[in-house]
Number of protein chains: 4
Amino acid sequence: QGPRELGIHFGILPTGTYNAITDVPGIKVGHLTKIEGNSIRTGVTAILPHGGNIFQQKVPAAIYVGNGFGKLAGVTQVQELGNLETPIVLTNTLSVAAGIEGTVKYSLNLPGNEQVQSVNAVVGETNDGYLNDIRGMHISVEEVLETIQSAKSGPVTQGNVGAGTGTVCFGWKGGIGTSSRKLPESLGGYTLGVLVQTNFGGNLQIGGIPVGERLGKYPFKDALEKSDGSCMIVVATDAPLSDRNLERLAKRAMMGLAKTGGIASNGSGDYVIAFSTAEGLRIPYSAKSGELMQTETLRNDDMTPLFLAVIEATEEAIINSLFAAETMEGKGGKKVEKLPTEKIIEWYK
Amino acid sequence: QGPRELGIHFGILPTGTYNAITDVPGIKVGHLTKIEGNSIRTGVTAILPHGGNIFQQKVPAAIYVGNGFGKLAGVTQVQELGNLETPIVLTNTLSVAAGIEGTVKYSLNLPGNEQVQSVNAVVGETNDGYLNDIRGMHISVEEVLETIQSAKSGPVTQGNVGAGTGTVCFGWKGGIGTSSRKLPESLGGYTLGVLVQTNFGGNLQIGGIPVGERLGKYPFKDALEKSDGSCMIVVATDAPLSDRNLERLAKRAMMGLAKTGGIASNGSGDYVIAFSTAEGLRIPYSAKSGELMQTETLRNDDMTPLFLAVIEATEEAIINSLFAAETMEGKGGKKVEKLPTEKIIEWYK
Amino acid sequence: QGPRELGIHFGILPTGTYNAITDVPGIKVGHLTKIEGNSIRTGVTAILPHGGNIFQQKVPAAIYVGNGFGKLAGVTQVQELGNLETPIVLTNTLSVAAGIEGTVKYSLNLPGNEQVQSVNAVVGETNDGYLNDIRGMHISVEEVLETIQSAKSGPVTQGNVGAGTGTVCFGWKGGIGTSSRKLPESLGGYTLGVLVQTNFGGNLQIGGIPVGERLGKYPFKDALEKSDGSCMIVVATDAPLSDRNLERLAKRAMMGLAKTGGIASNGSGDYVIAFSTAEGLRIPYSAKSGELMQTETLRNDDMTPLFLAVIEATEEAIINSLFAAETMEGKGGKKVEKLPTEKIIEWYK
Amino acid sequence: QGPRELGIHFGILPTGTYNAITDVPGIKVGHLTKIEGNSIRTGVTAILPHGGNIFQQKVPAAIYVGNGFGKLAGVTQVQELGNLETPIVLTNTLSVAAGIEGTVKYSLNLPGNEQVQSVNAVVGETNDGYLNDIRGMHISVEEVLETIQSAKSGPVTQGNVGAGTGTVCFGWKGGIGTSSRKLPESLGGYTLGVLVQTNFGGNLQIGGIPVGERLGKYPFKDALEKSDGSCMIVVATDAPLSDRNLERLAKRAMMGLAKTGGIASNGSGDYVIAFSTAEGLRIPYSAKSGELMQTETLRNDDMTPLFLAVIEATEEAIINSLFAAETMEGKGGKKVEKLPTEKIIEWYK
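Residues numbered from 1 in each chain as written. Chains lettered and ligands numbered in written order. Predicted model: local features only at pLDDT ≥ 70, side-chain atom pairs only at ≥ 80, totals over all residues. Heavy atoms only, no water.

*Asks:* If you had to explain the relation of the copies chain D and chain A to someone new, which residues and values would you point to?
*Replies:* Aligned on chain A, chain D shows an RMSD of 0.0 Å; the corresponding rotation is 180° and the shift along the axis is 0.0 Å. Taken together, the rotation and translation describe the operation of a two-fold axis. Of the C-alpha atoms belonging to chain D, the one lying closest to the rotation axis is found on D:Ala97, 2.2 Å away. A shared binding surface is used by both copies, with 100% of the interface residues of chain D retained as interface residues in chain A. (Least-squares fit on C-alpha atoms with pLDDT ≥ 70 in both. Contact = heavy atoms within 4.5 Å.)

What follows is the structure, encoded as structure tokens:
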């Protein structure tokens, strides 16, 4: 049961059916969880913006860098061209190369892409090296391919799965989390979903409760504790947004992270990748030269409800990752505990 | 009495003496409050990074654009050169020209600046046009000069003063707010102060309490309500920071704004101007060609405590502005109420 | 006679009718030239993207900062919202406040703008303080208004006029220059125009001839010579471009400046403001909430011819400003010579 | 013989000893050239900022994106932290994953890095798919390691080598090029070097001669010709520059590219990576918490000579790549001719 089911609420907008990124029609998510022996605690998560050939039917997209201490691949092309042409793959810091190679091979091998010679793989990461033998680079190209191919719609498993298998958040076991919002019809009726890979620190706050302080886990409690770490945030919406307004939307996701007590510490790699699944905005790889692109997009003035939605959904997705994660033991016998959720529910009442 | 005195706490770090931007040694603040007749409700606030000739002894600085629907003057030069060469002036949207002219004249007329032919005035604004006859452009160049010259150290008046005279925040009366943090010696012992001009909307949250929802004032409650508006945030610190790390610091101030429920709505002009008063980092206007600049700056790795400090101080400064502001009537008989602070204190207990 | 008439060619694309920014249908340009007594040598230039109420019918726009040592007003709002809502006004560095106030008053007073309370004036500048008594701030708000109102289509006067009255370029008299390109129908048939205010230095090159070196005027010839200064570049096109592609276009204008030998020296304020006049892309101030914006825009893949056009037109506009300018004497009896154009034509043959 | 030896000059500043990036003390360059069978025409080039453990002794660095249609890895961390912690590796577009994995493994395996769990590999690329079977991904991780390990100081081989083996530039055979500038002692005496991987198009101009037009190879001559492609530019200097000033320096390299007739076409991935080798600016991986960084850096005001230097060296490095490259036949029997250098020398006289 997530925090919402247990009575904690996050803002004022309603969620979608699954309270997941997959509430945005067409989105598919795949996880590969790799727990082997005493020290392999890692994985891969793939998010597909639609079910077709993404390279041939690119989606408008933007990336916002919350804090750039990270290795996210594919940033500049998304920013320059305003589109995304591959699945988004998340994994651990030292497996980005495998992530890229897998994504490139997936793209080259799709029917219709036989002549393609250039692919911009978007691969994010956080560092699971506390529990995982990250230097062992245990993710293979084939596993990345497999993850992409296994992606499906419907409910999304959260917690110690996929790229969140070995992550740590606010000193507790982190992982994958997701949440969504559905705007009322009067505000457009659009759906927006967020998926996060949580591996960062700060001063945890849940539903307004200063959980970090009450539990005695907060930054700088003593000189030894660290709040470093990273958060990958993927935002999908069916609202018809231009790349510029997707960038503005992405920027607000960091405000949702802030509400959980995150501080984007020096060592954090905090990135937001946002895209629109609106069918009318697909960017075909091949088009007749000189042919104009006809698009219908939301006006600047109508963006504010989506800004609220992404803030709420990001906050909830992060807390969801903590509620779903379980205690894990890993590399060198180190153990990261599950957040004591019952206590928090108690306090919240 | 501010929220802190009434028992609400914001984070874990202690404040400075005044819980104000002026806790950073050398900082001076001046206010000019203009309340005249039924419809003039505006003013000017000036922040001076040090007591000397700022043009001759520039300070390292950065500006971060939270949302750029605003008219802040002086942005690109601060970003390009990494320094600030004038006082920072805040006023209303349509008085930016007066703000620039006043700041330029102030600078040209300082002893030692007789040959100066180029001045980069940094002038911020929010739109007080709900209560104020903003189209009347009631701020004069002389009033800007006067505000700069009246700036002083010590406690800072908050609420309906200076550039915050006519502002509105979360549907309640906003204004000027300030707060500070002092890092423990083990983390460097630095002081960081924030001053805000609050004129924005969202879903107000105070000390974790969903105040906006409980009071029935939150965005999109009905189609008529707006959450637009702006927030100017000025961050000062005596920590010796490079311009790059000042930019990173500035970026985090928006995370403090997020914790109050701000959403950086489409129509917001949300800007953060951050500078360091560290004496060793002053940038002399005149220097011998080829002479290297010798500086001592904080390493990236030591930035995180300051990130936490700016988040906490920004959150508190915004809430301080609301607690200090009083009900005001203005243009066209419109009235904006004071935040019902007693109720909030009640809830918080 | 310009360099083109004298036989120098700049690239491969044909010009428009006037070889001026006004070749883009709808563009109007106004100049106010202020030469008074021994030391006033300054002025104002206004560029209007169309003949209507620009605030009510905004145009897609972008600003690129080549080097940010300058005081250009209005930058962040153009970048955030992707549009321009006022005429562009150019003047001298210390008259930016007058430029803003004039532009704001012009906008507030237009029929239909009676309720407007926020205007983002875009005002650029270069520093004419070598020949002009710039500290005297000799441009009035009324003169700015007058310049805007006097703007007209058709041929554009170049050289010592408007905002270029007192400028210096590569050590010779600079000023206002303009040029245009018309793409062949097979590449879209679009027109692109550039207007520049030239006040910068470097190693002058014209039509490939190293003019600076041959005439003994180039940077660092001796330790005393400076190459500082600025260049404002305004780019207009009727090609239907998104704000993102306008930003990419703007970025290329600096490549045209590079071909004249400009080096964007430390003290340069080099800015490019680009906008599209395509009627289908106008952004109405008032629109029904939730109504989508229907647009037809050029695809990324079709941008390259426009990139070439803006590089060629910027190079030519800068050289045109030098050919059109005449020797001028100003403040303190200082004199700046006209470029010896005959010699250059000779060399070019 | 390069263009300089044949009498073409590029600007006014003198070169270093080798007219190569290795004129900057400490820089090493390695090439791996892979020409196999009929269709493998690719390679790797590695640039090492110094001879020690770069991860432990990072160098101040910046990356500027000229046009972001490319897959450069490592961008955001360099921009966020202002430093470079690995060799720079250049290769082909689809071998970036191999480049990253090789660079990461190189770093993990250096003595002293046994505990390192996070490495920001900077890997650039251009697309050699016209002559090379790029979809075959013929670069292995081992070959990347080998290239890094083989890097050496002294003269640098240019033309069809390393990452330039299969590239095409302005319709002629491109490749690797390099050049340097040494400032006079009165301007600081610093050395700056540039290395380029040329694979782009435009309207070629050499020493002011419109070579593209005279040889009938220029963009849009007919609808079939393309000018797409990319240019990787690496800039090294021993001048003690802050990361901010390195970014400004990087930005100017694109102005050197402009002087060769490059237009940064839509499909270009044009990136500039700049770093300083000044020993006093090394950033140690491990430092005592709270300890300030003591640095001596060049003042903004003294940057201009370096701006000129990087423009000149980039222009010359690109032309050097063309003069050094030789006719090559590759994939599918396609052939790219050597630039007819004799004709150009003739014209230039």
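Now that the structure has been shown, the text picks up again.
*Asks:* Any details on the pairing of strand S10 (residues 191–199) of chain B? Residues and values, ideally.
*Replies:* All names here are of chain B. For S10, the tally of buried residues reaches nine of nine residues, placing the bulk of the element in the interior. In S10, alternate side chains face the same way, and those of Thr191, Gly193, Leu195, Gln197 and Asn199 on one face and Leu192, Val194, Val196 and Thr198 on the other are all buried. Note that strand S9 (residues 176–182) and S10 share seven bridges and pair antiparallel. Note that in S10 the partner of Ser179 across the bridge is Val194. Of the strand pairs in this sheet, S10 and strand S11 (residues 230–237) are connected by eight bridges, and their pairing is antiparallel. Bridged to Gly193 within S11 is Ala236. (Buried < 20%, exposed > 50% of the residue type's maximum accessible area, 1.4 Å probe, protein only. Helix = DSSP H or I, 4+ residues; strand = E, 2+ residues; numbered from the N terminus. Pairing = 2+ DSSP bridges.)

*Asks:* For the nonpolar core, give the residues involved together with the corresponding values.
*Replies:* Counting 108 residues, the largest nonpolar core has C:Val235, C:Leu306, C:Leu339, D:Ile233, D:Val235, D:Leu306 and D:Leu339 as the members making the most contacts within it. Ignoring any residue separated from it by four or fewer positions in sequence, one finds D:Leu339 in contact with D:Trp172, D:Leu204, D:Ile206, D:Val211, D:Leu215, D:Leu322, D:Phe323 and D:Ile344. Counting residues in hydrophobic clusters, the runner-up holds 107 residues, among them A:Ala253, A:Ala274, B:Leu192 and B:Ala253. (Core = buried A, V, L, I, M, F, W, Y, C linked by side-chain atoms within 4.5 Å.)

*Asks:* Lay out the sheet that holds strand S5 (residues 88–92) of chain D with the relevant residues and their values.
*Replies:* Residue and element names in this part refer to chain D. Here we have four strands laid out as an open sheet, ordered S1-S2-S5-S6, and mixed in their pairing. Only two strands of the sheet have a single neighbouring strand rather than two, namely strand S1 (28–36) and strand S6 (122–126). Across the sheet, the mean angle from the axis of one strand to that of its neighbour is 15°, orientation sign disregarded. Pairing analysis gives five bridges linking S5 to S6, with the strands arranged parallel. Across the sheet, Thr91 pairs through a bridge with Glu125, a residue of S6. In the packing of helix H2 (residues 96–108) onto the sheet, contacts are made with strand S2 (40–48), S5 and S6, and the angle to S6 comes to roughly 155°. (Axes fitted to C-alpha atoms, helices over the stretch in contact; angles between N-to-C directions.)

*Asks:* Tell me what's going on with the environment of A:Gln117, and back it up with residues and numbers.
*Replies:* Structurally, the position occupied by A:Gln117 is in the loop between helix H2 (96–108) and strand S6 (122–126). Note: C-alpha distance between A:Gln117 and A:Val104 (13 residues apart in sequence) is 9.8 Å. Residues in contact with A:Gln117, not counting those within four places in the same chain, are D:Thr93, D:Leu94, D:Asn127, D:Gly129, D:Tyr130, D:Ile134 and D:Lys331. In terms of polar contacts, A:Gln117 uses its side chain to reach the backbone carbonyl oxygen of D:Gly129, at 3.4 Å. (Polar contact = N/O pair within 3.5 Å; in protein donor to acceptor, adjacent residues only side chain to side chain.)

*Asks:* Explain the packing of helix H2 (residues 96–108) of chain B against helix H2 (residues 96–108) of chain C to me, and be specific about the residues and the numbers.
*Replies:* Where H2(B) contacts H2(C), the two axes come as close as 8 Å, and the packing angle between them is 165°. By the angle between their axes, H2(B) is roughly antiparallel relative to H2(C). Crossing angle aside, the handedness with which H2(B) passes H2(C) is left-handed. Across from B:Ala97, B:Ile100 and B:Glu101 in H2(B), the residues of H2(C) making contact are C:Ala97, C:Ile100 and C:Glu101. (Parallel < 35°, antiparallel > 145°, perpendicular 65-115°, else oblique. Left-handed = near helix turned anticlockwise from the far one by under 90°.)

*Asks:* Describe the pattern of salt bridges, with residues and values.
*Replies:* This structure, assessed with the given rule, holds 44 salt bridges over all chains. Between B:Glu85 and B:Lys58 there is a salt bridge, with its nearest N and O atoms 2.8 Å apart. Taken as a pair, B:Glu85 in the loop between strand S4 (83–84) and strand S5 (88–92) and B:Lys58 in strand S3 (residues 57–68) lie far apart in primary sequence, 27 residues in all. Residue class for B:Lys58 comes out buried when judged on its relative accessible area of 7%. Residues joined in a network through salt bridges with shared partners are A:Arg4, A:Arg181, A:Glu312 and A:Glu316. (Salt bridge = Lys/Arg side-chain N within 4 Å of Asp/Glu carboxyl O.)

*Asks:* Outline the environment of C:Leu281, supporting the account with residue identities and numerical values.
*Replies:* All names here are of chain C. Tracing the chain through its elements places Leu281 in the loop between strand S12 (269–276) and strand S13 (283–284). Through-space distance from the C-alpha of Leu281 to that of Pro60 is 6.8 Å; in sequence the pair is 221 residues apart. Once residues lying within four places of it in the same chain are set aside, the contact partners of Leu281 are Lys58, Pro60, Pro240, Leu241, Ser276, Thr295, Glu296 and Thr297.

*Asks:* Kindly report on the environment of A:Phe170, identifying the contributing residues and their values.
*Replies:* Along the polypeptide, A:Phe170 turns up in the loop between strand S7 (168–169) and strand S8 (172–173). Of the residues examined, A:Phe170 reaches a relative accessible area of 5% and is grouped as buried.

*Asks:* Can you explain the sheet that holds strand S2 (residues 40–48) of chain B? Please cite residues and give values.
*Replies:* Residues and elements named next belong to chain B. Read from one edge of the open sheet, four strands run S1-S2-S5-S6, paired in mixed fashion. A single partner strand is all that each edge strand has here, and the edge strands are strand S1 (28–36) and strand S6 (122–126). Each strand axis lies, on average, 15° off the axis of its neighbour in the sheet, ignoring direction. As paired elements, S1 and S2 share nine bridges and run antiparallel to each other. Within the sheet, the bridge partner assigned to Thr33 lies in S2 and is Gly43. Each of S2, S5 and S6 touches H2; the most contacted strand, S6, lies at about 155° to it. Each of S1, S2 and S5 is contacted by helix H3 (residues 141–150), which is oriented at about 140° to S1, the strand it contacts most.

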